[in-house]
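# Breakdown of the fold
Spelled out, the chains give:
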Amino acid sequence: METLKISSRILHVQNKILPLNIKPYPLIHNSRILGFYSNKRRTFSYTVTCKLNTVKGKKPSKGKTVLGSDGAAPPVVEVEERSVGRKVEEPPKSSGVGFGIFKKLPRKVLGVLSNLPLAIAEMFAVAALMALGTFIDQGEAPDYYFQKFPEDHPPLGFFTWRWVLTLGFDHMFSSPVFLGTLAFLGASLMACTYTTQIPLVKVARRWSFLQSAETIRKLEYVDTLPRASVKDLGVILMGDGYEVFLKGPTLFAFKGLAGRFAPIGVHLSLLLVMSGGTLSAAGSFRGAVTVPQGLNFVVGDVLAPSGFLSTPSDAFSTEVHVNRFSMDYYDSGEVLQFHTDLSLFDLDGKEVMRKTISVNDPLRYGGITIYQTDWSISALQVLKDDEGPFNLAMAPLQLNGGDKKLFGTFLPLGDDNSLNVKGVSMLARDLQSVILYDKEGKFAGINGTKIVIEDAIGSSGLDLKTDPGVPVVYAGFGALMLTTCISYLSHTQLWALQDGTSVVIGGKTNRAKGEFPDTINCLLDQVPELVESSSPKEPDTHSGV
């Protein structure tokens, strides 16, 4: 409301009040308007003084009101929420940290990115590419794909080696197609978080009071306690874990606010998993080597980058020495386990670490992991007629199917310059099983020659890799499991109003809507009933002796 005070003074001429026709002027706060009037040679001046006063109301209190207090509620902006019929705060325009880039995007772009069917389609596309990456052997030479996916008889009628090499499906998880699909999925998750989840959390954090019973009766759950106190209701709700606020005859309570934050945590966890997977695919090093017992190699000579984010570390200059390779066997003679005793040396030749590794028990040093994955036999140490020992190199032999291994070598006997060289073939299936055959393929019975096999020298098959994305992926999966469990918590809100001797109660929840009425009814049954106090009866008076 505004009050306008106008004071004017009109001069009298010859005891007559002259008629004035004053045009309205725009009024300015505390301003003066000067005018001049002329009528038949009679002139006078006038002054109109304007003063604009604004009625100022009292500002609402900013403090929180807790149970049992009569202070004012927090200030709220009068914005109507249709689904509830109450007044809530206007959503602040500022958004969370890390989502500032979305302020600059048009609304249409955000609407497209946050579309749920699009996000589901992107997730199916990522899953399909991952399945295709398991079907196509990764990291092979181009000749392998020429033979596996020929143009004359392509799989599915069209999928040739050109598709594999052009789209980068030979290194699927670092290919532009796969990383681009992940980027689109991440953008959709962030847009959904910015446009949907964050506003929902902001609305859930606001609390206000409903001042009329009609508004409360529009909620999902409504009940009335005929003879009860709203303060007693607040005490019961606090005992059940609710945050309770009381202002005069009105009450507001809520519980399970963490359930509203959980979807944002789920989205951030998925982004962590995808970021870690991208870092693993495009920022790691991998390599494999087979090293005979007693030899060594440099880590940097074995590892090769897997993507454009791969960055070598100081540990790449570490030298690895194979001290010894050994095997464990079943009672039947089959190989049970194989071990490699490794020593690591720095540039100064100082041993910085030593460990015996085996399958499923790798060595980790400086971000590099060394796995025991394979084995072979490199040589046999042989004494012939007490001469030697001679190291006979072993070569792997190709078998018809199966996963068993067989290695062979040849020991010449007699004149080496003869065209018909005599000797013994030595076959070994592991480090403890060596068999001798003659040139006709029969088990050799050696006449006049003493042969002693002193040792079988094994070679250790090692896989080396660096994977900086593993901690990020583990953290993302851990956060995903935690936030998924938290997201099942119900966010419940209750409003109550003291209407005479009765209390009108209403509420809503986002989960477990079927169980919500029963849960609230159990709480309302604990609210004590008010009993009207009656005036005490006067005692009967008797007169008598």
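Keep in mind that this is a model prediction, so the values were computed, not measured.

### Observations regarding empty space enclosed by the protein
Under the criterion given, the structure shown has 1 cavity of 30 Å³ or more. If you go around the largest cavity, the residues you meet are Val-299, Ala-315, Thr-318, Leu-344, Leu-363, Tyr-365, Ile-368 and Ile-370. Broken down by secondary-structure element, the contributors of at least two residues to the lining of the largest cavity are β15 (363-365) and β16 (368-384). Across the lining of the largest cavity, the residue classes break down as 7 nonpolar, 1 polar and no charged.

### Concerning the confidence of the model for the chain
Looking at the chain as a whole, the pLDDT averages 79, with 74% of positions reaching at least 70. Per-element confidence in the chain ranges from a low mean pLDDT of 35 for strand β4 (residues 79-81) to a high of 96 for strand β14 (residues 351-358). This stretch, residues 1-41, has a pLDDT under 50; its non-local contacts, to residues over four places away or in other chains, come to 68 contacts. Confidence drops under pLDDT 50 across residues 541-545; counting only partners more than four residues distant or on other chains, this segment forms 0 contacts.

### Remarks on the nonpolar core
In this structure, Leu-233, Leu-237, Tyr-242, Leu-251 and Ile-520 are the most contacted members of the largest nonpolar core, which totals 21 residues. Within the residue set of this core, elements represented by two or more residues are β6 (221-225), α7 (230-239), β7 (243-247), β8 (250-255), β23 (492-499), β24 (502-509) and α11 (516-524). The contact partners of Leu-237, leaving out residues within four places of it in the chain, are Tyr-242, Val-244, Leu-251, Ala-253, Leu-494 and Leu-523.

### Looking at the packing of helix α8 (residues 258-283) against helix α10 (residues 470-486)
The contact between α8 and α10 brings their axes to 7 Å, and the two run at 160 degrees. With respect to α10, the axis of α8 lies roughly antiparallel. The way α8 lies across α10 gives a crossing that is left-handed. Here Ala-258, Gly-259, Ala-262, Gly-265, Val-266, Ser-269, Leu-270, Leu-272, Val-273, Gly-276, Gly-277 and Ser-280 of α8 lie close against α10, whose contacting residues are Val-470, Val-472, Val-473, Gly-476, Phe-477, Ala-479, Leu-480, Thr-483, Thr-484 and Ile-486. Its residues assigned to classes, the contact of α8 with α10 comprises 13 nonpolar, 9 polar and no charged.

Cut-off values and rules
- Residues numbered from 1 in each chain as written.
- Predicted model: local features only at pLDDT ≥ 70, side-chain atom pairs only at ≥ 80, totals over all residues.
- Heavy atoms only, no water.
- 1 Å grid on protein atoms, 1.4 Å probe; cavity = no way out; pocket = protein on both sides within 12 Å on 5 of 7 lines; lining within 4 Å.
- Points joined across faces, edges and corners; volume = space filled by probe spheres on them.
- Helix = DSSP H or I, 4+ residues; strand = E, 2+ residues; numbered from the N terminus.
- Nonpolar A, V, L, I, M, F, W, Y, C, P; charged D, E, K, R; others polar.
- pLDDT = per-residue confidence, 0-100.
- Contact = heavy atoms within 4.5 Å.
- Core = buried A, V, L, I, M, F, W, Y, C linked by side-chain atoms within 4.5 Å.
- Buried < 20%, exposed > 50% of the residue type's maximum accessible area, 1.4 Å probe, protein only.
- Axes fitted to C-alpha atoms, helices over the stretch in contact; angles between N-to-C directions.
- Parallel < 35°, antiparallel > 145°, perpendicular 65-115°, else oblique.
- Left-handed = near helix turned anticlockwise from the far one by under 90°.

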